[in-house]
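Given next are the chains, with one letter for each unit.
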Amino acid sequence: MKKALLAAVSIVALAGTAGAADLPRRMPAQEMIPAGFSWTGFYLGTHTGVAVGKTTTSNTSPYGGFDSGNPLSYDLNPVSVFGGGQFGYNWQYGVYVFGVEADVGYLGLRETIYPAPDNYVSVKYGWYGTVTGRLGLAYDRLLAYVKGGAAVASITNSASDLNGSVIDPSDFSETKKPRWGWTVGSGFEYAFAPSWSVKSEYMYMDFGRHSSTNLDGDSFQHKNQVHSFKVGLNYRWGGGYQAPVVARY
């Protein structure tokens, strides 16, 4: 009886072992890990904001032009709403973003003053453009960056001594031409969709010093600078969130 019971137990154990061997093996676990946001790609956009100019016009030795024999200097600070567009390309390596960007637009800055006792000074800014390099740090969809490069703008500087309230043509001096300079700035850009982003940016443009002369031979020196504060909208091709990565364990 005992031998029969032991034999039955052994047969059951062997059957269980064989059944377990026939069960399908458990597949390794998989996890979908989403890739980070990428800023790489070509983009095109538009911007608008407020521009603040600073122009200093001075007469030079022997200090004619305004009041003969007196060195005089006048500041103009025009303010205007401006706008334009931009395009560029970004390359992202880890958290670092490198790029090139070009801006073009219209400043519309202008101001005229009549300093006592009888002088005239004026400045006008027309179209402008910049070509800059950008270096940024990306925090997923947020990009903080600095930029710098070349700037050009159409600038008109005028100065004269007045005869009462009338400008004497022989005393009038004006220079109007594109002026080259340099620019630096910084800003933030946020991608609210895979291809769309908004930005906020400050830029400083310096166009150096240049001179003008009237028919009487009097010389003036003009120094032109612009501070701009703008917001913009970009559309980008490429970049965005990439395909997720599959990790197996």
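Residues numbered from 1 in each chain as written. Predicted model: local features only at pLDDT ≥ 70, side-chain atom pairs only at ≥ 80, totals over all residues. Heavy atoms only, no water.

1. Description of the overall build of the protein chain
Next, step 1: Of regular secondary structure, the protein chain possesses one helix and 15 strands.
Next, step 2: Burial statistics for the protein chain: of 249 residues in total, 41% are counted as buried.
Next, step 3: Contacts in the protein chain between residues at least 24 apart in sequence constitute 69% of all its contacts with a sequence separation of at least 6.
Next, step 4: Accessible area for the protein chain stands at about 13700 Å²; split by element, carbon and sulfur atoms hold 64% of it. (Helix = DSSP H or I, 4+ residues; strand = E, 2+ residues; numbered from the N terminus. Buried < 20%, exposed > 50% of the residue type's maximum accessible area, 1.4 Å probe, protein only. Contact = heavy atoms within 4.5 Å. Areas by Shrake-Rupley, 256 points an atom, 1.4 Å probe, with all protein chains shown as cover.)

2. Topic: the pattern of salt bridges
Next, step 1: The final tally for this structure, using the stated rule, is nine salt bridges.
Next, step 2: The residue R134 makes a salt bridge to E101 at a minimum N-O spacing of 3.9 Å. Of the two residues, R134 is situated in strand β8 (residues 119-139) and E101 in strand β6 (residues 96-106); the sequence distance between them amounts to 33 residues. E101 carries the same exposure label as R134, and that label is buried.
Next, step 3: Here E201 ties to K230 by a salt bridge, and the two come within 3.2 Å at their closest N and O atoms. (Salt bridge = Lys/Arg side-chain N within 4 Å of Asp/Glu carboxyl O.)

3. Considering unusual backbone geometry
Next, step 1: For the bond from S61 to P62, the omega torsion is 10°, close enough to zero to count as cis.
Next, step 2: Assignment of secondary structure puts P62 in the loop between β3 (41-59) and β4 (73-76).
Next, step 3: The linkage connecting A116 with the following residue, P117, adopts the cis geometry, with an omega of 5°.
Next, step 4: Residue position: P117 is located in the loop between β7 (110-113) and β8.
Next, step 5: We note that Y63 has phi near 65°; this positive angle belongs to a residue other than glycine.
Next, step 6: Tracing the backbone through its elements, the reader meets Y63 in the loop between β3 and β4.
Next, step 7: On the basis of relative accessible area, Y63 is assigned to the partly exposed category, the value being 31%.
Next, step 8: Phi is positive for D140, close to 60°, though the residue is something other than glycine.
Next, step 9: Tracing the chain through its elements places D140 in the loop between β8 and β9 (142-163).
Next, step 10: Given a relative accessible area of 38%, D140 falls into the partly exposed group.

4. Focus on the confidence of the model for the protein chain
Next, step 1: Mean pLDDT over the protein chain: 86, with 82% of residues reaching 70 or higher.
Next, step 2: Overall, residues 1-15 carries pLDDT values under 50, and its contacts beyond four positions in sequence, including any with other chains, amount to zero contacts.
Next, step 3: When the criterion is pLDDT under 50, residues 245-249 qualifies, and its contacts beyond four places in sequence or with other chains add up to 16 contacts. (pLDDT = per-residue confidence, 0-100.)

5. Topic: the nonpolar core
Next, step 1: Among the nonpolar cores identified, the biggest contains 19 residues, and L107, Y125, M205, F207 and V226 are the most heavily contacted of them.
Next, step 2: Elements with a minimum of two residues in this core: β4, β8, β9, β12 (196-213) and β13 (219-237).
Next, step 3: Not counting residues within four places of it along the chain, the set of residues in contact with Y125 comprises K54, T55, Y106, L107, G108, L109, S154, I155, N224, Q225 and V226. (Core = buried A, V, L, I, M, F, W, Y, C linked by side-chain atoms within 4.5 Å.)

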